[in-house]
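Observations on chain architecture
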Amino acid sequence: SAVISQKPSRDICQRGTSLTIQCQVDSQVTMMFWYRQQPGQSLTLIATANQGSEATYESGFVIDKFPISRPNLTFSTLTVSNMSPEDSSIYLCSVYLPTGELFFGEGSRLTVL
Amino acid sequence: GENVEQHPSTLSVQEGDSAVIKCTYSDSASNYFPWYKQELGKRPQLIIDIRSNVGEKKDQRIAVTLNKTAKHFSLHITETQPEDSAVYFCAANYNNNDMRFGAGTRLTVKP
């Protein structure tokens, strides 16, 4: 199965700063998905990152707050901008495997003080 | 868009008993229904899935059933063990588009 490498695995950030999370996949994929998991909550889709086009954002998420890059078929970044304590969450990158399984990276745990 | 509801939110069983978690979905076009297990501090991992062309699937102690008419599907764990303790998420989607998740069930298996 695919291997997803996410960086950083965790970070503590100051209010008002921005942090970029990187996601590297070991095989080429058309779509990459960014999810947020707030403490004790479920998985909420932030956006779908397609190579060569703008990311598609879900209701409640905007590009200014969560800009996404997708420069090639194996890499994507998610930036959490102007962070507040409410942004403290686990951010997960995911891709579909050839079997149809949605496979998750290990996640990036952000704490905003 | 798809909406997935999951019940119960917490479930506590004695070791050896069975556990059942139920989910309903709203989009009749959904054709793929996975179940994920998430242990504390770890990523969600697929444990079993079912597609809309079958009604039941079993893998050792876990099974999933699907009722397309009623738009609900369930996870069954038999002979539960303490290592089954985790949060379980159901999900639904159509043709590998965005996956929608239920709210999760925290299962505790007491030794």
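Scroll up a little and you will see the structure.
Residues numbered from 1 in each chain as written. Chains lettered and ligands numbered in written order. Predicted model: local features only at pLDDT ≥ 70, side-chain atom pairs only at ≥ 80, totals over all residues. Heavy atoms only, no water.

Some remarks on the overall build of chain A
- Across its full length, chain A holds zero helices and 11 strands.
- Ordered by position from N to C terminus, the α and β elements of chain A give β-β-β-β-β-β-β-β-β-β-β.
- For 113 residues, the compact-globule estimate of 2.2 N^0.38 gives 13 Å, and the C-alpha radius of gyration of chain A, at 13 Å, lies within 12% of that figure.
- Viewed in the frame of its principal axes, chain A has a C-alpha envelope of about 40 × 25 × 20 Å.
- Burial statistics for chain A: of 113 residues in total, 54% are counted as buried.
- When contacts within chain A are restricted to residue pairs at least 6 apart in sequence, those whose partners lie at least 24 apart make up 51%.
- On chain A, the mean spot of the 7 positive side-chain charges and the mean spot of the 9 negative ones are 7 Å from each other. (Helix = DSSP H or I, 4+ residues; strand = E, 2+ residues; numbered from the N terminus. Rg over C-alpha atoms; globule rule 2.2 N^0.38 Å. Buried < 20%, exposed > 50% of the residue type's maximum accessible area, 1.4 Å probe, protein only. Contact = heavy atoms within 4.5 Å. Lys, Arg positive; Asp, Glu negative; His and termini not counted. Charge placed at Lys NZ, Arg CZ, Asp CG, Glu CD.)

A word on the sheet that holds strand β3 (residues 19–25) of chain A
Residue and element names in this part refer to chain A.
- Strand order in this open sheet of four strands is β1-β3-β8-β7, and the pairing throughout is antiparallel. In this open sheet, the two edge strands, each paired with only one partner strand, are β1 (4–7) and β7 (68–72). Across the sheet, the mean angle separating the axes of adjacent strands is 15° when strand polarity is ignored.
- With four bridges connecting them, β1 and β3 associate as antiparallel partners. Considered in β3, the bridge of S5 is made with Q24. (Pairing = 2+ DSSP bridges. Axes fitted to C-alpha atoms, helices over the stretch in contact; angles between N-to-C directions.)

Observations regarding the interface of chain B and chain A
- Tallying the contact residues gives 18 residues for chain B and 20 residues for chain A.
- Across the chain B-chain A interface, the total number found is two salt bridges.
- One salt bridge in this structure joins R100(B) and E58(A), with 2.5 Å as the shortest N-O distance.
- The tally of links between chain B and chain A comes to eight residue pairs in polar contact (both at pLDDT 80 or more).
- Broken down by secondary-structure element, the contributors of at least two residues to the side of chain B that touches chain A are β4 (32–38), β5 (45–51) and β10 (100–101) of chain B.
- Examining the composition of the side of chain B that touches chain A, we find that three residues originate from one element, β4(B), more than from any other.
- Here the residues of the side of chain B that touches chain A are counted per class, giving eight nonpolar, six polar and four charged. (Salt bridge = Lys/Arg side-chain N within 4 Å of Asp/Glu carboxyl O. Polar contact = N/O pair within 3.5 Å; in protein donor to acceptor, adjacent residues only side chain to side chain. Nonpolar A, V, L, I, M, F, W, Y, C, P; charged D, E, K, R; others polar.)

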